[in-house]
Amino acid sequence: MTHHHASIAEQLKTAEQLCLQRGKRLTPTRRKVLEILLQQKRSVKAYELLDEIRRVQPGAAPPTIYRALDFLIEEGLIHRLDAVNAWSACMDAGGEPHDLLIICTQCGAVAEFSDPDLSRRLAKKVASAGFVLANHETELRALCGKCYQQAQPQHAH
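Overview of the structure. (Residues numbered from 1 in each chain as written. Predicted model: local features only at pLDDT ≥ 70, side-chain atom pairs only at ≥ 80, totals over all residues. Heavy atoms only, no water.)

What about the nonpolar core?
So, point 1. Formed by 26 residues in total, the largest nonpolar core has its most connected members in Val33, Leu34, Leu37, Leu49, Leu69, Leu72 and Leu77.
So, point 2. Elements with a contribution of two residues or more to this core: helix 1 (8-21), helix 2 (28-40), helix 3 (46-56), helix 4 (62-74) and strand 2 (86-89).
So, point 3. Residue contacts for Leu77: discarding those within four places in its chain leaves Ala15, Leu18, Cys19, Leu26, Leu34, Leu72, Ala89, Cys90 and Ala93.
So, point 4. Core analysis: the second largest hydrophobic core is formed by five residues, Leu81, Ala86, Leu101 and Ile103 among them. (Core = buried A, V, L, I, M, F, W, Y, C linked by side-chain atoms within 4.5 Å. Buried < 20%, exposed > 50% of the residue type's maximum accessible area, 1.4 Å probe, protein only. Helix = DSSP H or I, 4+ residues; strand = E, 2+ residues; numbered from the N terminus. Contact = heavy atoms within 4.5 Å.)

Okay, structure coming up:
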């Protein structure tokens, strides 16, 4: 599944436009956090983000990063990935909401999908067990093709 993703500059512009339309501000710190996640194209842990932010804002503190992450999640610009305790940029923030995220537990690569039918079926299954889905995004832990290949024992021929 290969998409042509917009350039990082285009994605940041879309994010700024979405925030403006909603009466919100993409502050320099929020913008930088989003930019780092867009550049990484994978899930990134909070301490990695903090290290990156400190290159441009030496005094940045963890609460600053977490506030920026919370804002970006609320605005649908990034995903919180509980499966790997990290965050990733939403690669299509202006498009369809993603309800299915597949995360490589090895390298942190993330694939985003929208499958409302599958999500409805999952919600029904969850309801039949007497539960209510707490989140509209379902995370699946997996190995990407590259990591899967590396994990396979090499057969001698």
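The discussion continues.
What to know about unusual backbone geometry
So, point 1. Within the chain, Lys41 stands out as a residue other than glycine whose phi angle is a positive 50°.
So, point 2. Along the chain, Lys41 falls in the loop between helix 2 and helix 3.
So, point 3. We note that Asn85 has phi near 50°; this positive angle belongs to a residue other than glycine.
So, point 4. Looking at where Asn85 falls in the secondary structure, it is placed in the loop between strand 1 (78-81) and strand 2.

Considering the packing of aromatic side chains
So, point 1. Inspection of the entire model under this criterion finds one aromatic pair.
So, point 2. Ring geometry for Tyr66 versus Trp87: centroids 6.0 Å apart, planes at 65°, classification edge-to-face. With a gap of 21 residues between them, Tyr66 in helix 4 and Trp87 in strand 2 connect regions that are remote in the sequence.
So, point 3. A residue is classified by how much of its surface remains accessible, and Trp87, at 5% relative accessible area, is buried.
So, point 4. Taking NZ or CZ as reference, Arg30 lies 3.6 Å from the ring centre of Phe71, over its face. (Phe/Tyr/Trp six-rings, centres within 6.5 Å; stacked < 30°, edge-to-face > 60°. Lys NZ or Arg CZ within 6 Å of the ring centre and 35° of its normal.)

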